[in-house]
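# Topology and contacts: notes
Listed here are the chains, written in short residue letters.
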Amino acid sequence: MIEAAIGGKVISKVYDGNKRYDIVARFLPESRSTVQDIKDLQVPAASGALVPMSQLADISYVEGQTNIYRIKGKEW
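Summary of the structure given here.

Definitions and cut-offs
Residues numbered from 1 in each chain as written. Predicted model: local features only at pLDDT ≥ 70, side-chain atom pairs only at ≥ 80, totals over all residues. Heavy atoms only, no water. Helix = DSSP H or I, 4+ residues; strand = E, 2+ residues; numbered from the N terminus. Rg over C-alpha atoms; globule rule 2.2 N^0.38 Å. Buried < 20%, exposed > 50% of the residue type's maximum accessible area, 1.4 Å probe, protein only. Core = buried A, V, L, I, M, F, W, Y, C linked by side-chain atoms within 4.5 Å. Contact = heavy atoms within 4.5 Å. Polar contact = N/O pair within 3.5 Å; in protein donor to acceptor, adjacent residues only side chain to side chain. Patch = residues over 30% accessible without salt bridge, like charges linked within 9 Å, V, L, I, M, F, W, Y side chains within 5 Å. Areas by Shrake-Rupley, 256 points an atom, 1.4 Å probe, with all protein chains shown as cover. Salt bridge = Lys/Arg side-chain N within 4 Å of Asp/Glu carboxyl O. Pairing = 2+ DSSP bridges.

Let's shift gears to the overall build of the protein. Along the protein, the regular secondary structure elements total two helices and six strands. Along the protein, helices (α) and strands (β) appear in the sequence α-β-β-α-β-β-β-β when read from the amino end. Against the compact-globule benchmark of 11 Å for 76 residues, the protein has a radius of gyration of 17 Å, which places it well outside the compact range. Principal axes of the C-alpha set define a box for the protein whose edges measure 40 × 40 × 25 Å. Out of the 76 residues belonging to the protein, those deemed buried represent 12%.

Written out as structure tokens, the structure reads:
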């Protein structure tokens with residue numbers, strides 16, 4: 001759910017002849033702009049109840065490198 005909220009999630013594809021385009025769903029900016037917004041996301045439980053994400057996981061923002069590239073154990 002967090003992946004879909006922030007970065008978007010491919011939910012289908014559209015074909016136009018030989019071309020293929022992903023259809024991506026992503027939450028509106030006002031629903032994903034702060035850590036608190038993510039904590040407040042409602043996740044459906046098996047019972048049908050909605051549970052805030054903050055009750056299921058510890059969520060925080062940490063700055064750091066997002067991609068690490070290595071070839072045969074060495075930095076690229």
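By size, the foremost hydrophobic cluster in this structure holds six residues: A5, I38, L41, V43, M53 and I59. Dropping the residues within four chain positions of it, V43 is found in contact with M1, A49, L50, V51, M53 and L56.

Glancing now at the environment of S33. One can find S33 in the loop between β2 (19–25) and α2 (35–39). Residue S33 is classed as exposed on the basis of its relative accessible area, which comes to 55%. As for S33 and Y21, which are separated by twelve residues in sequence, their C-alpha atoms are 26 Å apart. Reaching out from S33, the side chain makes a polar contact with the side chain of D37 at a distance of 3.1 Å.

What follows covers the environment of D58. With respect to the helices and strands, D58 occurs in the loop between β4 (50–52) and β5 (70–71). A C-alpha to C-alpha distance of 8.5 Å links D58 and K39, two positions 19 residues apart in sequence.

On to a nonpolar patch on the surface, then. Nonpolar side chains collect at one region of the surface, where I11, V14, Y21 and I23 lie side by side and expose about 350 Å² of accessible area between them. By secondary structure assignment, the location of I23 is in strand β2.

Here we take up the pairing of β2. As paired strands, strand β1 (residues 9–16) and β2 are joined by seven bridges and run antiparallel to one another. If you follow S12 over to β2, its bridge partner there is I23. Hairpin connection of β1 to β2: two residues between the antiparallel strands, including G17 at a positive phi of 65 degrees.

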